[in-house]
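Notes for the structure review
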Amino acid sequence: MQQVIAQTPEDSLQRRVRLAPRSRWPDALVRVFVKACGGFVLATTLLLIGFLARTGLVGMKEVGIWPLLFGSRWKPEDQLYGGLPLVLGTFVSALGAAVIGATPAVLAAVWLTEFAPAPVRSSYRRLMEIAAAVPSVVYGWLALVHLVPLIGTLAHAIYGADSDVGGEGLASSAVLLGVMIAPTVLLLSVDALARVPHNLREASAALGASPWQTAFQVVMPHAWRGLLVAVFFGFARAAGETMAVQMVIGGARVIPANLFRPTTTISSQIVMDMQNARPGTPGNNALFSMALILLVVSVAVVLVMRTLSRPQVRG
Amino acid sequence: MLVRSELIALALGLAAAVCPGCDKTPPSEAPVGTASTQAAAAPVSEGTVRISGSSALQPLVNAAKEKYETEHKGASIEVSAGGSKKGLVDVSSGAVQIGDSDIFAAPDQKDLVDHRVAVVGFAAMANKGPYNAKVSSVGMDQLAKVFTGEIKNWKDLGGGSQPIVVINRAPASGTRTVFGNVVLGGDKFVESQTEDNSGALVAKLKQTQGSISYLALSFKEDDLLTLPIKIGPDAIDPTTESITQGKYPVWSYEHMYTKGEATGAVKRFLDYVLSPDFQSTVLPSIKGFIPVTVMKVQRTKD
């Protein structure tokens with residue numbers, strides 16, 4: 001779509017008309033159709049942002065951006081719209097996921113591209129592609145049945161049998177999200193590492209470096225932008241994940257005392273509250289504001305990613 | 001020149017499409033709600049009745065739907081549960097023809113007509129374990145303190161030492177509203193783990209040691225500890241008898257609200273649910289439901 005618009009100055013337009021004078025009907029039809037499709041996709045995106053902003057900005061005006069980000073209590077029934085528990089829940093579980101899931105994923109990618117034998121490499125990749133395609137509700141359900149009780153036992157082992165802790169909370173959601181984003185981060189990292197020119201590895205070996213030294217001191221530094229993009233992508237996906245997180249986070253709208261107490265995230269609170277939100281009420285507007293904040297954060301992450309990946313594409 | 005005219009048309013189309021996103025419609029016309037309402041209120045055939053709302057009432061509506069659809073060929077009853085408050089919102093917006101609710105409609109919703117189809121009791125239910133085997137009943141004030149978070153351990157209720165884990169229903173829940181009004185005097189629940197439907201809550205209660213919540217009696221089962229309430233010297237079990245005689249206080253009417261008086265297919269279905277045949281033969285066979293007619297006490301608000 002962008003390219004179509006970019007090529008419309010008068011000269012290129014005339015050149016095209018010269019190349020295909022009096023085009024046949026089907027040709028023109030196809031062109032209109034393809035352009036309409038391009039316009040449709042763009043319009044959908046703009047409409048989405050427009051609708052979200054229209055209601056979200058009303059909410060921000062009514063409640064104020066400061067309470068929406070830093071207020072400590074979210075209870076729409078009592079007109080309390082403090083978004084900090086939601087923001088904190090989203091941020092901490094996504095950050096935890098990046099640490100728990102993305103770190104091993106990147107290292108596994110290094111092993112896979114630099115050390116694993118070729119047959120292992122391709123079948124491992126196949127397996128990760130399958131794992132990346134598993135629907136999130138499946139991950140969430142498995143976590144609810146198997147992970148949450150396990151984390152609950154761990155919590156009681158740490159804080160004592162009589163303490164008020166359990167499996168629902170940030171610990172569970174961080175581990176779950178880590179497992180969920182790992183395949184995607186791994187696949188993106190493998191691609192980034194594969195883009196490192198092979199002669200760098202040969203030069204390194206010729207200088208007498210061991211394979212480990214080559215991997216960690218030549219290949220990884222060269223691919224760092226791509227690896228960071230992979231991690232950021234994982235972070236963005238973890239921050240936006242809804243279904244699976246809602247199943248294990250507990251759903252309490254407070255800042256938790258520790259990682260083993262129930263809390264909530266922006267996306268899961270939207271799911272929780274939207275059925276109760278009457279259009280036009282402050283509660284509904286505030287909910288849209290939180291959705292808008294989530295969108296802005298995601299867009300920011302995407303922009304960071306683009307800035308990071310641009311020089312690499314050129315080189 | 002074809003290309004240019006195409007582009008102009010495209011730009012115009014785009015501008016027209018984006019415009020609703022930037023015009024000056026007041027916020028009360030919030031787009032998502034309006035859009036979903038319009039989608040749901042699409043024309044329906046004569047025999048179709050759309051219902052949404054309370055999950056506590058759903059077992060009864062499903063039973064009625066089955067019988068009604070076999071007896072009336074061509075009739076179609078569509079039921080979805082999403083909480084009592086959603087039912088009330090949906091019926092006033094016109095998205096459904098009947099809104100199921102455990103609670104009375106707000107006083108400002110004057111256009112809604114109430115049809116009381118049953119009575120349902122609610123009780124505190126808990127995970128069963130050795131730590132609470134000796135807890136035979138709980139006083140109303142103690143129960144309130146459990147759910148506001150003041151009492152934190154089963155030993156304060158006469159059981160063994162085990163932290164109490166309060167699990168709440170979502171704020172849209174009628175069960176939460178009724179239990180809160182009768183036991184806590186309003187929605188004063190401690191902020192805690194939240195489940196958004198009764199079925200998932202039952203599973204969670206069985207899984208979590210020390211947990212306690214509140215459920216309609218239609219969800220009562222032997223694997224859960226259903227707590228009798230101590231009133232004066234007596235421990236009152238939540239049973240059909242104690243509720244109809246007014247001894248057990250935590251109950252509510254199950255309402256089916258219509259917008260204005262019911263007509264056509266909606267009226268025919270409501271007449272069936274309220275018919276003596278359904279009320280005295282089918283309804284008592286569904287676990288947890290009590291016919292309105294046998295109640296010896298009445299209420300006009302929650």
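Residues numbered from 1 in each chain as written. Chains lettered and ligands numbered in written order. Predicted model: local features only at pLDDT ≥ 70, side-chain atom pairs only at ≥ 80, totals over all residues. Heavy atoms only, no water.

1. Remarks on the pairing of strand β7 (residues 165-169) of chain B
Residue and element names in this part refer to chain B.
- The buried fraction of β7 amounts to five of the five residues, a majority that puts the element mostly inside the structure.
- Going residue by residue along β7, you find V165, I167 and R169 tucked away on one face and V166 and N168 tucked away on the opposite face as well.
- Where β7 and strand β9 (residues 211-216) come together, two bridges link them in parallel fashion. From the neighbouring strand, V166 faces β9, where its bridge partner is I212.
- Sheet topology places β7 next to strand β8 (residues 193-195); three bridges connect them, and they run parallel. What sits directly across from R169, in β8, is E195.
- After leaving β7, the chain enters helix α6 (residues 174-184) and then returns to the sheet as β8, a path that is right-handed. (Buried < 20%, exposed > 50% of the residue type's maximum accessible area, 1.4 Å probe, protein only. Helix = DSSP H or I, 4+ residues; strand = E, 2+ residues; numbered from the N terminus. Pairing = 2+ DSSP bridges. Right-handed = clockwise from strand over helix to strand, strands pointing away.)

2. Considerations on the pattern of salt bridges
All names here are of chain A.
- For the structure on display, the rule yields 18 salt bridges over all chains.
- As a salt-bridge pair, D164 and R261 come within 3.3 Å of each other at their nearest N and O atoms. With D164 in the loop between α7 (136-159) and α8 (170-194) and R261 in the loop between α12 (243-249) and α13 (266-274), this residue pair connects regions lying 97 residues apart in the sequence.
- Looking at D164, the relative accessible area reads 36%, which means it is partly exposed. (Salt bridge = Lys/Arg side-chain N within 4 Å of Asp/Glu carboxyl O.)

3. Quick look at the packing of aromatic side chains
Residues and elements named next belong to chain B.
- In total, this model carries 18 aromatic pairs over all chains according to the counting rule given.
- Judged by centre distance (5.4 Å) and plane angle (55 degrees), the ring pair of Y272 and F278 falls under tilted. Pair check on accessibility: Y272 and F278 agree, each one buried.
- Every member of this aromatic cluster is reached through a ring pair, and the members are Y68, F269, Y272 and F278.
- Geometry around Y253 places R116 over its ring, the cationic atom sitting 4.7 Å from the centre.
- If you follow R299 out to its NZ or CZ, it ends over the ring of W251, 3.9 Å from the centre. (Phe/Tyr/Trp six-rings, centres within 6.5 Å; stacked < 30°, edge-to-face > 60°. Lys NZ or Arg CZ within 6 Å of the ring centre and 35° of its normal.)

4. Here we look at the nonpolar core
- The biggest cluster of nonpolar side chains holds 80 residues, and the ones touching the most others in it are L60, F147, F179, I212, M256 and F269 of chain B.
- The biggest single contributor to this core is strand β5 (residues 116-127) of chain B, with nine residues.
- Sequence-distant contacts of F147 of chain B, defined by excluding residues within four places in its chain, comprise A124, V166, F179, L184, K188, F189, V190, I212, S213 and Y214 of chain B.
- Grouped together as the second largest cluster of nonpolar side chains are 53 residues, L176, M180, V185 and V248 of chain A included. (Core = buried A, V, L, I, M, F, W, Y, C linked by side-chain atoms within 4.5 Å. Contact = heavy atoms within 4.5 Å.)

5. As for the environment of V296 of chain A
- Tracing the sequence through the fold places V296 of chain A in helix α14 (residues 282-314).
- A sequence separation of 263 residues divides V296 of chain A from F33 of chain A, and the C-alpha atoms of the two residues are 32 Å apart.

6. Digging into the environment of L154 of chain A
Residues and elements named next belong to chain A.
- Tracing the sequence through the fold places L154 in helix α7.
- Judged by relative accessible area, L154 falls into the partly exposed class, the value being 44%.
- Sequence separation between L154 and F260 is 106 residues; the distance between their C-alpha atoms is 9.3 Å.

7. Remarks on the side chain of T194 of chain B
- By the secondary structure assignment, T194 of chain B is in strand β8.
- Accessibility expressed as a relative area gives 9% for T194 of chain B, which makes it buried.
- Side-chain polar atoms of T194 of chain B contact the backbone oxygen of S192 of chain B, separated by 3.0 Å.
- In contact with T194 of chain B, not counting residues within four places along its chain, are G250, G251, A252 and M272 of chain A together with N168, R169 and A170 of chain B. (Polar contact = N/O pair within 3.5 Å; in protein donor to acceptor, adjacent residues only side chain to side chain.)

8. Notes on α6 of chain B
Residue and element names in this part refer to chain B.
- Counting buried residues along α6, nine of its eleven residues qualify, which places the element largely inside the surrounding structure.
- Every buried residue of α6 is listed here: G174, T175, R176, T177, V178, F179, G180, V183 and L184.
- N-cap assignment for α6: the residue whose side-chain oxygen lies 3.1 Å from the backbone N of T175 is S173.

9. Thoughts on the confidence of the model for chain A
All names here are of chain A.
- The predicted model of chain A has a mean per-residue pLDDT of 88, with 90% of residues at 70 or higher.
- Mean pLDDT per element in chain A: helix α1 (residues 2-6) is the minimum at 46, and α8 is the maximum at 96.
- When the criterion is pLDDT under 50, residues 1-7 qualifies, and its contacts beyond four places in sequence or with other chains add up to eight contacts. (pLDDT = per-residue confidence, 0-100.)

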